Amino acid sequence: MPPNAKRSSVDPVGSVRRQRTDDIPVMAERSLPIEWRTWIAENRILGTSPDVLVESAVKAGYFRHIVEEELRSERDNPYCRVAELMTKRYLKLKSVLQVRKALRNLAFNAQTIERRSKISRSEFLERYYAANRPVILTGMLAGSAARRDWTPEYLAEMCGSANVQIMAGRGSDPHYELNSDLHRRELNMAEYVSMVTAGGSSNDYYLVANNHFFEREEFAKLYDQAPRIDEYINHNDGKKKTFFWFGPSGTITPLHHDLMNVLVAQIFGKKRFILLSPEDTPFVYNEVGCYGGVDCSSPDYNIHPLYSEASPITLTLFPGDVLFIPVGWWHYVQSIDISIMVSYTNFHYPNEFNWYLPRP
């Protein structure tokens, strides 16, 4: 079987996946297995010379005439012809992204995120929101009751008897985000606070955004204390578009992009973000939904070689910082400490977009 047949793509055009000596069959088969047929089709559609593909398969122990017949059948297959057309369109769009990335990287401090304070609504719209550029905003949580009072112990005191929905058992499932419905668990806030404060660093449990936290009457007082960022956020009917995050150090949100612009306010503890611009989409292995396939904290370039062409930006969000994450920007998040965070999507500006999301 060709190595990584379903894990990585051939790129740039004209290259071919390397073969391993342990892929050589004991005796040549009468027909090519599906893994080899898929490998040949992918490489051929991406422009690899047929001679290179034949020699690679022959070297791996397959009969030359069988490989040549496979190439002939694929040449006449209408599905392959459509795939070639779609590949040309993909490569054109990829080249546009590469040009945009090259131009973006010409800017001063292109690989850093600006830290700004006291930005007017008009400047925020023009320089960051409309320009699809992230920024860290400082000083916006000064005077906030949440920034002053919120700690794990305070949460237990204020709403300890109220049930909360968390994601649990994440450590046993590498696809815990995709399988989030299987990991929902309810317990009261006091119990959860105890788990967080006594359990040490862990990614096994996390109170995340998709739990309608602020829409529940039990947490009305916390919502009233949540930071109001009126300059950029429309807080009218904000409970449905204001989200609460709380978990131990070590919690991870894997690489993904949101479907709209997001503003995150770090209330308690620190978080590490790894951001990648939309221009890096061809390199993050987005094969399902809005998730990338790369572990940004420890990328495996044998499995995800294209990620070496990406330009990740790493930053630390400190208590009191507010981060604007533009729509389409990829991000990987890891809590450095016990963390409490609030996020918002209810901007004063349009924030609904049409996305194509790959299906598994």
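Since this is a predicted model, take the numbers as computed values, not measurements.

### Description of the sheet that holds strand β9 (residues 271–276)
The strand order across the open sheet formed by 4 strands is β7-β12-β9-β10, and the pairing between neighbours is antiparallel. Here the strands that pair on one side only, and so sit at the sheet edges, are β7 (252–257) and β10 (313–317). The mean inter-strand angle of the sheet, taken between neighbouring strand axes irrespective of direction, is 15°. Looking at chain direction, β9 and β10 are connected through 5 bridges and run antiparallel. By the bridge assignment, Ile274 is partnered in β10 with Thr314.

### Considerations on the pairing of strand β12 (residues 330–335)
Most of β12 is tucked away, with 5 of its 6 residues classed as buried. Where β7 meets β12, 4 bridges bridge the pair, whose relative direction is antiparallel. What sits directly across from His256, in β12, is His331. Here 6 bridges tie β9 to β12, and the two strands are oriented antiparallel to one another. Paired with Phe273 across the strands is Val333, a residue of β12.

### A word on the packing of helix α2 (residues 50–59) against helix α3 (residues 64–75)
A pair of packed helices is characterised by two quantities: the angle between their axes and the separation of those axes. Packing of α2 against α3 brings their axes to within 9 Å, and their N-to-C directions diverge by 140°. With respect to their mutual orientation, α2 and α3 come out oblique. The element α2 and its partner α3 pack so that their crossing is right-handed. Residues Pro50, Leu53, Val54, Glu55, Ala57 and Val58 of α2 form the contact with α3, whose participating residues are Arg64, Val67, Glu68 and Leu71. Its residues assigned to classes, the contact of α2 with α3 shows 7 nonpolar, no polar and 3 charged.

The rules behind the values
Residues numbered from 1 in each chain as written. Predicted model: local features only at pLDDT ≥ 70, side-chain atom pairs only at ≥ 80, totals over all residues. Heavy atoms only, no water. Pairing = 2+ DSSP bridges. Helix = DSSP H or I, 4+ residues; strand = E, 2+ residues; numbered from the N terminus. Axes fitted to C-alpha atoms, helices over the stretch in contact; angles between N-to-C directions. Buried < 20%, exposed > 50% of the residue type's maximum accessible area, 1.4 Å probe, protein only. Parallel < 35°, antiparallel > 145°, perpendicular 65-115°, else oblique. Left-handed = near helix turned anticlockwise from the far one by under 90°. Contact = heavy atoms within 4.5 Å. Nonpolar A, V, L, I, M, F, W, Y, C, P; charged D, E, K, R; others polar.

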